[in-house]
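# Close look at the chain arrangement
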There are 2 protein chains.
Amino acid sequence: MTTTAPAPLPLAAPADGGCCAPALTQAVEPEVAQGLARSFKALADPARVQLLAIVATQPGAEACVCDLTEPVGLSQPTVSHHLKILVEAGLLEREQRGRWAYFSLAPGALAGLVASLSAATQVSA
Amino acid sequence: MTTTAPAPLPLAAPADGGCCAPALTQAVEPEVAQGLARSFKALADPARVQLLAIVATQPGAEACVCDLTEPVGLSQPTVSHHLKILVEAGLLEREQRGRWAYFSLAPGALAGLVASLSAATQVSA
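Residues numbered from 1 in each chain as written. Chains lettered and ligands numbered in written order. Predicted model: local features only at pLDDT ≥ 70, side-chain atom pairs only at ≥ 80, totals over all residues. Heavy atoms only, no water.

### Here we look at the overall build of chain A
Each helix and strand in chain A was counted, giving five helices and three strands. Burial statistics for chain A: of 125 residues in total, 45% are counted as buried. (Helix = DSSP H or I, 4+ residues; strand = E, 2+ residues; numbered from the N terminus. Buried < 20%, exposed > 50% of the residue type's maximum accessible area, 1.4 Å probe, protein only.)

Structure below.
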């Protein structure tokens, strides 16, 4: 999905008698926030969290779809649906090999999320 | 929201002639996945990502609600709604001081998310 970056928001100083602090600025650009929210939305389901974690902990961070249904206790169509959402969000990559689809961690995707969250926590520490 | 942890899922070995690898195990406990998904759901909106980032980057990781509407360009009721979701997810804490509500990062909440994602990326590196 391609999103159009909104125009920069005007940052106004508080009126005289404002409650407390000077006006705050945006800590992340709107288009960055949009991308992060999209990734988080893909992870906003327990089954998808489990699937991503299972794939991530396999040798080579890769797993066959045929091995992913048992651990999460869902049907293969449901698992495929969740995997598709993770692929569309750029968190997993899909490769068809003969009868089976293999899913692997998209390089840098999780690391990018970690870096974004880490930045927030480190600034506040 | 209190969730009842589902019973452990049976992990079956693949039938003879299974496609590839031995059966995988759950990489995260179901109740942990549920908690993570809840946090990610709270972050699945660009405005909430921006609000959390703004609060996180303030001195003391705290901001007055009166200063949060301008940077995200939304009305105060809308901002209050988003902040409520972040508080309910345990990511922010709210404190009323006279007329204004102040929001601060919930200690350890973001760090916990970072640790969970880091674990996944490090195993796969």
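We are not done yet, so read on.
### What to know about the packing of aromatic side chains
This model, assessed by the stated rule, comprises one aromatic pair over all chains. The positively charged end of A:Arg97 is found above the aromatic ring belonging to A:Tyr102, 4.3 Å away from the centroid. (Phe/Tyr/Trp six-rings, centres within 6.5 Å; stacked < 30°, edge-to-face > 60°. Lys NZ or Arg CZ within 6 Å of the ring centre and 35° of its normal.)

### Things to note about the sheet that holds strand 3 (residues 100-105) of chain B
Residues and elements named next belong to chain B. A sheet is described by the order of its strands in space; here three strands give the open sequence 1-3-2, paired in antiparallel fashion. Unpaired on one side and paired on the other, strand 1 (62-64) and strand 2 (92-97) mark the two borders of the sheet. Ignoring strand direction, the axes of neighbouring strands in this sheet form an average angle of 25°. Note that strand 1 and strand 3 share three bridges and pair antiparallel. Within strand 3, the residue paired with Ala63 across the bridge is Phe103. The sheet strands contacting helix 2 (residues 46-56) are strand 1, strand 2 and strand 3, and the helix crosses strand 3 at an angle near 85°. Of the strands in this sheet, strand 2 and strand 3 touch helix 4 (residues 76-88), which is tilted by about 125° from strand 2. (Pairing = 2+ DSSP bridges. Axes fitted to C-alpha atoms, helices over the stretch in contact; angles between N-to-C directions. Contact = heavy atoms within 4.5 Å.)

### What about helix 2 (residues 46-56) of chain A?
Residues and elements named next belong to chain A. In terms of burial, helix 2 is a largely internal element, 10 of the 11 residues being buried. Ala47, Arg48, Val49, Gln50, Leu51, Leu52, Ala53, Ile54, Val55 and Ala56 are the residues of helix 2 that are buried. The N-cap of helix 2, judged by a side-chain oxygen 2.8 Å from the amide nitrogen of Ala47 a few residues on, is Asp45. (Polar contact = N/O pair within 3.5 Å; in protein donor to acceptor, adjacent residues only side chain to side chain.)

### Remarks on the packing of helix 2 of chain A against helix 1 (residues 30-42) of chain B
Running from amino to carboxyl end, helix 2 of chain A crosses helix 1 of chain B at an angle of 110°, the nearest separation of the two axes being 8 Å. Classified by the interaxial angle, the pair formed by helix 2 of chain A and helix 1 of chain B is roughly perpendicular. Crossing geometry of helix 2 of chain A relative to helix 1 of chain B is assigned as right-handed. Facing helix 2 of chain A, whose interface residues are A:Pro46, A:Val49 and A:Gln50, helix 1 of chain B presents B:Pro30, B:Ala33, B:Gln34, B:Leu36, B:Ala37 and B:Phe40. (Parallel < 35°, antiparallel > 145°, perpendicular 65-115°, else oblique. Left-handed = near helix turned anticlockwise from the far one by under 90°.)

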